[in-house]
Amino acid sequence: MILTARSITGVGMTSQRTRDRMADRLRDRGIVDENVLETMASVPRHLFVDEAMATRAYEDASLPIGEGQTISQPYAVARMTELLLEDGPKRRVLEVGTGSGYQSAVLSQLVDTVFTVERIKNLLNKARDRFKALEYRNVHTRYSDGSWGWASNGPFDGIIVTAAPRNVPDALYEQLAIGGRMVVPVGGKFQQQSLLLITRTAHGFEEKTLADVKFVPFLSGKS
Ligand code: SAH
C-alpha cells in the first residue's frame, strides 16, 4: 500500500469532515464515550476497505472485505469498544477476528497493546500491511484459529470477538484476567445472535445479554 498524507486524510467522501459526521451520527445513536468517538473520527476507515468501496466507508454499514467476510459496521465497533472500556482503561486486549484490521486500529488508540488473531491468511496479510503503513505499532498479529486465544500473551484485561461462535470457547474464558471483560456475539450462522458482556470476578464469571446482533460466523481451523 502506497500512502501519501493526502490519501490518509482523504478527500470528499473520505475526508475529515465525513469522518466527523460519522462520529456525530454515532453520538446521536447513543455512543457516549468521547474518546471512542474521537478515535473513530481519526482512524481512516476508507483505507481498511477496497478502493472501490472507499466512498462508502463512512456509511454506518458493514462492507465486504473479501473471502466472504465483512468489516463490522461503525456502530458495532463503537459500541463494543465502549463496552470493553466502560469500567476503566485496559492494558492488554485480545481481538479474535482481525478481518480488515479496523477494530484493532481503533483499539490501538485506546489501550496499551492489542493482540489480534485471524484464521484467513489473505485477510491477515492485508491487515498487517495496513498496520505497518499507518504505523499502528502496538498491534500484534497472529495467524491462528482464535478458539485457542493467544495464551502466551494472556491473561487479557479485555477480549473482543468479532465473529459469532455458538458457544464461547473455553480458552477465551481461561485467558480473561480477573477483573477483565469480554464482549462477544454468540449464536450460529442461521440463529439469532446476542451480544454478551462477560466479566470475570474473583469468584467466577458474570454474563449479561445486551442486544441482538448480526456477525459473520466464528469458524474453526485456518484457511
Ligand atoms: N474486526 C474485523 C471484523 C472482521 S469479520 C474488522 O474490523 O474488519 C470477522 C473476522 O473473524 C473474519 O475475518 C473471520 O475470518 C474471522 N474469524 C472467524 N472465526 C475465527 C476464528 N475461529 N479465529 C480467528 N478469526 C476468525
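Residues numbered from 1 in each chain as written. Predicted model: local features only at pLDDT ≥ 70, side-chain atom pairs only at ≥ 80, totals over all residues. Heavy atoms only, no water.

A. View of the overall build of the chain. The helix and strand inventory of the chain stands at 7 helices and 9 strands. Computed over the C-alpha atoms, the radius of gyration of the chain is 16 Å, within 12% of the 17 Å expected from 2.2 N^0.38 for a compact globule of 223 residues. Each principal axis of the C-alpha distribution contributes one length, and for the chain these read about 50 × 35 × 35 Å. The buried share of the chain, reckoned over its 223 residues, is 55%. When contacts within the chain are restricted to residue pairs at least 6 apart in sequence, those whose partners lie at least 24 apart make up 56%. Within the structure as shown, the chain displays about 10,700 Å² of accessible surface, and the carbon and sulfur contribution to it stands at 49%. Computed over 28 positive and 26 negative side-chain charges, the inter-centroid distance for the chain is 5 Å. (Helix = DSSP H or I, 4+ residues; strand = E, 2+ residues; numbered from the N terminus. Rg over C-alpha atoms; globule rule 2.2 N^0.38 Å. Buried < 20%, exposed > 50% of the residue type's maximum accessible area, 1.4 Å probe, protein only. Contact = heavy atoms within 4.5 Å. Areas by Shrake-Rupley, 256 points an atom, 1.4 Å probe, with all protein chains shown as cover. Lys, Arg positive; Asp, Glu negative; His and termini not counted. Charge placed at Lys NZ, Arg CZ, Asp CG, Glu CD.)

B. Summary view of the packing of helix α2 (residues 16-28) against helix α3 (residues 34-42). The interhelical angle for the contact between α2 and α3, taken along N-to-C directions, is 150 degrees, at an axis separation of 8 Å. Classed by the angle they form, the pair α2 and α3 counts as roughly antiparallel. Seen from above, α2 lies across α3 with right-handed handedness. Residue-level inspection shows Gln16, Arg19, Asp20, Met22, Ala23, Leu26 and Arg27 of α2 in contact with α3, the latter providing Glu34, Leu37, Met40, Ala41 and Ser42. (Axes fitted to C-alpha atoms, helices over the stretch in contact; angles between N-to-C directions. Parallel < 35°, antiparallel > 145°, perpendicular 65-115°, else oblique. Left-handed = near helix turned anticlockwise from the far one by under 90°.)

C. Highlighting the nonpolar core. Within the largest apolar cluster, 45 residues are counted, with the highest numbers of intra-cluster contacts made by Leu26, Met40, Phe48, Tyr102 and Tyr136. Counting only elements with at least two residues in this core, the list comes to α2, α3, β1 (63-66), α4 (74-85), α5 (102-108), α6 (121-133) and β8 (193-201). Among the elements that line this core, the one with the most residues is α4, at 8 residues. Here Met40 is in contact with Arg19, Met22, Leu26, Pro74, Val77, Ala78, Tyr102 and Val106, once residues within four sequence places are set aside. Core analysis: the next-biggest nonpolar cluster, separate from the first, contains 20 residues, Leu94, Leu172, Val184 and Phe218 among them. (Core = buried A, V, L, I, M, F, W, Y, C linked by side-chain atoms within 4.5 Å.)

D. Examining the pairing of strand β6 (residues 156-161) more closely. In terms of residue burial, β6 counts as a mostly covered element, since 6 of its 6 residues are buried. Where β6 meets strand β7 (residues 176-186), 4 bridges bridge the pair, whose relative direction is parallel. In the strand pairing of β7, Gly158 is matched with Arg181. (Pairing = 2+ DSSP bridges.)

E. Structural detail: the site of the ligand. Near the ligand you find 26 residues, and of these Glu95, Ser100, Glu118, Gly146 and Leu219 are the closest. At a separation of 2.6 Å, an oxygen atom of the ligand approaches a polar side-chain atom of Glu118. Leu219 is positioned with one of its backbone polar atoms (N or O) 2.6 Å from a nitrogen atom of the ligand. Ranked by the residues each element gives to the shell around the ligand, the list is headed by strand β2 (residues 69-71), at 3 residues. Grouping the amino acids of the shell around the ligand by side-chain chemistry returns 11 nonpolar, 11 polar and 4 charged. (Near = heavy atom within 4 Å. Polar contact = N/O pair within 3.5 Å; in protein donor to acceptor, adjacent residues only side chain to side chain. Nonpolar A, V, L, I, M, F, W, Y, C, P; charged D, E, K, R; others polar.)

F. Up close: the pairing of strand β4 (residues 113-118). In terms of residue burial, β4 counts as a mostly covered element, since 6 of its 6 residues are buried. Of the two faces of β4, both are covered, the one formed by Thr113, Phe115 and Val117 as well as the one formed by Val114, Thr116 and Glu118. Here strand β3 (residues 92-96) pairs with β4 via 5 bridges, running parallel. From the neighbouring strand, Glu95 faces β4, where its bridge partner is Thr116. The handedness of the β3 to β4 crossover, carried by α5, is right-handed. One ladder, built from 5 bridges, connects β4 with strand β5 (residues 139-143); its direction is parallel. Of the residues in β5, the one forming a bridge with Thr116 is Thr141. Read from β4 through α6 to β5, the crossover connection turns out right-handed. (Right-handed = clockwise from strand over helix to strand, strands pointing away.)

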